[in-house]
Amino acid sequence: MPGFAAAKEAGQPCPKLGHDGLCTIYADRAEQGFAGCLRFECFGAGQHVVQTLFEGRDWRDDRELLGPMIETFLAMRPVSDLAFLVSRALASGPDPDTILRLEALQAELAEIAASRETLRESARIAKAQSDVRQVFAALDPDALRNS
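Here's a quick rundown of the structure. This one's a predicted model, so the numbers in the text were calculated from it and none came from an experiment. (Residues numbered from 1 in each chain as written. Predicted model: local features only at pLDDT ≥ 70, side-chain atom pairs only at ≥ 80, totals over all residues. Heavy atoms only, no water.)

1. Notes on the overall build of the chain
Test applied: Secondary structure follows DSSP: runs of H or I at least 4 residues long count as helices, runs of E at least 2 residues long count as strands, and numbering of each begins at the N terminus. Residue exposure (1.4 Å probe, protein chains only): buried if accessible area is under 20% of the type maximum, exposed if over 50%, otherwise partly exposed. For the area figures, the Shrake-Rupley method with a 1.4 Å probe applies, and any residue is considered shielded solely by the protein chains shown. Charge counting follows a simple rule: Lys and Arg are positive, Asp and Glu are negative, and His as well as the terminal groups are ignored. Note that the charge is assigned to NZ on lysines, CZ on arginines, CG on aspartates and CD on glutamates.
Summing up its helical and strand segments, the chain has six helices and zero strands in all. Each helix (α) and strand (β) of the chain, taken in turn from the N terminus, gives the series α-α-α-α-α-α. Considered along the principal axes of its C-alpha atoms, the chain spans approximately 45 × 35 × 20 Å. Looking at the chain as a whole, 27% of its 147 residues qualify as buried. Of the roughly 9300 Å² of accessible surface on the chain, 54% is carried by carbon and sulfur atoms. Each charge class in the chain can be summarised by its mean position, and for the 16 positive and 22 negative side chains these summaries are 5 Å apart.

2. With respect to the layout of surface pockets
Filter applied, for reference: Both site types are read off a 1 Å grid over the protein atoms alone. A 1.4 Å probe that fits but cannot get out defines a cavity, while an open set with protein on both sides within 12 Å along at least five of seven lines defines a pocket; lining residues have an atom within 4 Å of a point. Grid points are joined across faces, edges and corners, and a volume is the space filled by probe spheres set on the points. The classification used treats Ala, Val, Leu, Ile, Met, Phe, Trp, Tyr, Cys and Pro as nonpolar, Asp, Glu, Lys and Arg as charged, and all other residues, Gly among them, as polar.
Here the largest pocket defines a volume of roughly 1800 Å³. Along the wall of the largest pocket there are 40 residues; nearest its centre are P13, C14, L17, F40 and F73. Counting residues per element, the lining of the largest pocket draws most heavily on helix α3 (residues 66-91), at six residues. Grouping the amino acids of the lining of the largest pocket by side-chain chemistry returns 25 nonpolar, seven polar and eight charged.

3. A closer look at the packing of aromatic side chains
What counts is decided by this rule: Note on aromatic pairs: the rings of Phe, Tyr and Trp (six-membered ring only in Trp) are paired at centre separations within 6.5 Å, and the planes decide the class, stacked below 30 degrees, edge-to-face beyond 60, tilted for the rest. When the NZ atom of lysine or the CZ atom of arginine is within 6 Å of a ring's centre and also within 35 degrees of its normal, the charge is said to sit over that ring.
The final tally for this structure, using the stated rule, is one aromatic pair. With a centroid separation of 4.1 Å and an interplanar angle of 15°, the aromatic rings of F43 and F84 are classed as stacked. With F43 in the loop between α1 (36-39) and α2 (45-53) and F84 in helix α3, this pair connects stretches of sequence that are 41 residues apart. Just above the ring of Y26 sits the side chain of R29; from NZ or CZ to the centre is 3.8 Å.

4. Some remarks on the environment of K16
Rules: Two residues form a contact once any of their heavy atoms are found within 4.5 Å.
Tracing the chain through its elements places K16 in the segment before α1. By relative accessible area, which is 27% here, K16 ends up partly exposed. On a C-alpha basis, the gap between K16 and R29 in space is 9.3 Å, while along the polypeptide they are 13 residues apart. What K16 contacts, discounting residues up to four positions off in sequence, is L22, C23, T24, I25, Q32 and F34.

5. Re the packing of α3 against helix α4 (residues 96-112)
Which entries qualify depends on this criterion: The axes used here are C-alpha line fits, helices contributing only the stretch in contact, and every angle between their N-to-C directions lies in the interval 0 to 180 degrees. Orientation is classified from the angle alone, with under 35 degrees giving roughly parallel, over 145 giving roughly antiparallel, 65 to 115 giving roughly perpendicular, and any other angle giving oblique. For any pair of crossing helices, the crossing counts as left-handed if the nearer helix is rotated counterclockwise from the farther one by less than a right angle, and right-handed if it is rotated clockwise.
Interhelical geometry of α3 versus α4 gives an angle of 160° and a closest axis separation of 10 Å. When the axes of α3 and α4 are compared, the pair comes out roughly antiparallel. When the axes of α3 and α4 are compared, the crossing they make is left-handed. Across from V79, L82, A83, V86, A89 and L90 in α3, the residues of α4 making contact are I99, L102, L105, Q106, L109 and I112. Taken together, the residues that form the contact of α3 with α4 break down as eleven nonpolar, one polar and no charged.

6. Comments concerning the nonpolar core
When a protein is soluble and globular, its nonpolar side chains tend to lie buried together. Rules: Here the nonpolar core consists of buried residues drawn from Ala, Val, Leu, Ile, Met, Phe, Trp, Tyr and Cys, with membership extended through side-chain atoms lying within 4.5 Å.
Among the nonpolar cores identified, the biggest contains 26 residues, and M76, V79, L105 and L109 are the most heavily contacted of them. Those elements that place two or more of their residues in this core are α2, α3, α4 and α5 (122-138). In terms of residues, this core owes the most to one element, α3, which gives seven residues. In contact with L105, other than residues within four places in its own chain, are V86, A128, D131, V132 and V135.

Remember, this is a structural readout, not a statement about activity or role.
In C-alpha coordinates:
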(Lines give C-alpha, C1' and ligand atoms only; values in the text may rest on other atoms or scores of the structure.)
Protein backbone atom coordinates (compact mmCIF):
# COMPACT_ATOMS: atom_id res chain seq x y z
CA MET A 1 0.00 0.00 0.00
CA PRO A 2 1.44 3.41 -0.87
CA GLY A 3 3.09 5.04 2.13
CA PHE A 4 3.51 1.78 4.05
CA ALA A 5 6.72 -0.21 3.69
CA ALA A 6 5.35 -3.32 5.40
CA ALA A 7 3.46 -5.98 3.49
CA LYS A 8 0.80 -7.40 5.77
CA GLU A 9 -2.71 -8.79 5.57
CA ALA A 10 -5.63 -6.53 6.43
CA GLY A 11 -6.42 -6.78 10.12
CA GLN A 12 -2.90 -7.77 11.08
CA PRO A 13 -1.02 -5.45 13.43
CA CYS A 14 1.74 -3.26 12.07
CA PRO A 15 5.13 -4.96 12.40
CA LYS A 16 6.42 -1.72 13.94
CA LEU A 17 3.91 -1.87 16.80
CA GLY A 18 5.70 -2.45 20.10
CA HIS A 19 4.49 -4.69 22.92
CA ASP A 20 3.55 -1.53 24.82
CA GLY A 21 1.10 -0.55 22.05
CA LEU A 22 3.32 2.29 20.84
CA CYS A 23 5.02 2.78 17.50
CA THR A 24 8.66 1.70 17.60
CA ILE A 25 9.65 4.01 14.71
CA TYR A 26 7.41 7.01 15.43
CA ALA A 27 10.16 9.66 15.28
CA ASP A 28 11.38 8.61 11.83
CA ARG A 29 8.46 6.66 10.38
CA ALA A 30 8.42 8.63 7.10
CA GLU A 31 12.13 8.03 6.54
CA GLN A 32 11.61 4.30 7.12
CA GLY A 33 8.93 4.11 4.43
CA PHE A 34 5.82 4.66 6.57
CA ALA A 35 4.78 8.11 5.35
CA GLY A 36 1.20 6.79 5.18
CA CYS A 37 1.16 6.80 8.97
CA LEU A 38 1.51 10.57 8.89
CA ARG A 39 -1.68 10.87 6.83
CA PHE A 40 -3.77 8.22 8.59
CA GLU A 41 -6.22 9.53 11.18
CA CYS A 42 -8.89 7.48 12.90
CA PHE A 43 -10.17 10.38 15.05
CA GLY A 44 -9.94 8.32 18.22
CA ALA A 45 -11.75 5.23 16.92
CA GLY A 46 -8.96 2.88 18.00
CA GLN A 47 -8.66 4.36 21.47
CA HIS A 48 -12.44 4.25 21.93
CA VAL A 49 -12.61 0.60 20.89
CA VAL A 50 -9.81 -0.46 23.25
CA GLN A 51 -10.52 1.77 26.23
CA THR A 52 -14.31 1.89 26.19
CA LEU A 53 -15.79 -0.98 24.23
CA PHE A 54 -13.21 -3.57 25.33
CA GLU A 55 -12.56 -1.99 28.74
CA GLY A 56 -8.80 -1.74 28.21
CA ARG A 57 -8.33 -5.40 27.32
CA ASP A 58 -5.55 -6.14 24.84
CA TRP A 59 -5.64 -8.59 21.94
CA ARG A 60 -1.96 -9.35 22.58
CA ASP A 61 -2.93 -10.80 25.96
CA ASP A 62 -5.97 -12.62 24.56
CA ARG A 63 -5.61 -13.50 20.87
CA GLU A 64 -9.34 -14.29 20.66
CA LEU A 65 -10.00 -10.56 20.97
CA LEU A 66 -8.14 -9.69 17.76
CA GLY A 67 -11.00 -10.49 15.35
CA PRO A 68 -13.76 -8.83 17.39
CA MET A 69 -11.57 -5.76 18.02
CA ILE A 70 -10.81 -5.37 14.32
CA GLU A 71 -14.49 -5.75 13.42
CA THR A 72 -15.43 -3.21 16.06
CA PHE A 73 -12.73 -0.79 14.91
CA LEU A 74 -13.95 -1.04 11.31
CA ALA A 75 -17.50 -0.30 12.48
CA MET A 76 -16.30 2.56 14.69
CA ARG A 77 -14.23 4.33 12.02
CA PRO A 78 -17.15 5.91 10.11
CA VAL A 79 -18.82 6.94 13.36
CA SER A 80 -15.60 8.66 14.48
CA ASP A 81 -15.32 10.35 11.10
CA LEU A 82 -18.86 11.69 11.43
CA ALA A 83 -18.21 12.90 14.99
CA PHE A 84 -15.13 14.77 13.75
CA LEU A 85 -17.18 16.42 10.99
CA VAL A 86 -19.82 17.48 13.51
CA SER A 87 -17.16 19.04 15.73
CA ARG A 88 -15.73 20.92 12.72
CA ALA A 89 -19.19 22.17 11.81
CA LEU A 90 -19.76 23.38 15.37
CA ALA A 91 -16.40 25.20 15.29
CA SER A 92 -17.43 27.06 12.14
CA GLY A 93 -19.87 29.26 14.08
CA PRO A 94 -23.20 28.14 12.65
CA ASP A 95 -26.54 29.73 13.44
CA PRO A 96 -28.39 28.70 16.64
CA ASP A 97 -30.75 26.29 14.88
CA THR A 98 -27.83 24.51 13.23
CA ILE A 99 -26.02 24.35 16.56
CA LEU A 100 -29.01 22.54 18.06
CA ARG A 101 -29.11 20.14 15.14
CA LEU A 102 -25.37 19.47 15.43
CA GLU A 103 -25.61 18.92 19.18
CA ALA A 104 -28.40 16.40 18.56
CA LEU A 105 -26.15 14.67 16.02
CA GLN A 106 -23.30 14.62 18.55
CA ALA A 107 -25.58 12.94 21.07
CA GLU A 108 -26.80 10.42 18.48
CA LEU A 109 -23.26 9.53 17.44
CA ALA A 110 -22.22 9.14 21.08
CA GLU A 111 -25.15 6.74 21.60
CA ILE A 112 -24.18 4.76 18.51
CA ALA A 113 -20.56 4.56 19.71
CA ALA A 114 -21.61 3.46 23.20
CA SER A 115 -21.66 -0.27 22.50
CA ARG A 116 -20.66 -2.91 20.00
CA GLU A 117 -24.34 -3.69 19.47
CA THR A 118 -25.29 -0.12 18.50
CA LEU A 119 -22.31 0.03 16.11
CA ARG A 120 -24.06 -2.75 14.15
CA GLU A 121 -27.10 -0.53 13.52
CA SER A 122 -26.23 0.35 9.94
CA ALA A 123 -29.52 2.12 9.23
CA ARG A 124 -28.96 4.38 12.23
CA ILE A 125 -25.42 5.20 11.09
CA ALA A 126 -26.64 5.85 7.54
CA LYS A 127 -29.28 8.25 8.91
CA ALA A 128 -26.63 10.13 10.91
CA GLN A 129 -24.44 10.29 7.81
CA SER A 130 -27.32 11.70 5.78
CA ASP A 131 -28.04 14.28 8.48
CA VAL A 132 -24.39 15.36 8.57
CA ARG A 133 -24.41 15.76 4.79
CA GLN A 134 -27.53 17.91 4.96
CA VAL A 135 -25.99 20.15 7.61
CA PHE A 136 -22.75 20.54 5.65
CA ALA A 137 -24.66 21.42 2.50
CA ALA A 138 -26.14 24.42 4.35
CA LEU A 139 -22.90 25.62 5.99
CA ASP A 140 -20.76 28.46 4.71
CA PRO A 141 -17.69 26.88 3.06
CA ASP A 142 -15.49 29.86 4.02
CA ALA A 143 -16.49 29.52 7.68
CA LEU A 144 -15.60 25.81 7.52
CA ARG A 145 -12.21 26.52 5.95
CA ASN A 146 -11.44 29.09 8.64
CA SER A 147 -12.55 26.98 11.61
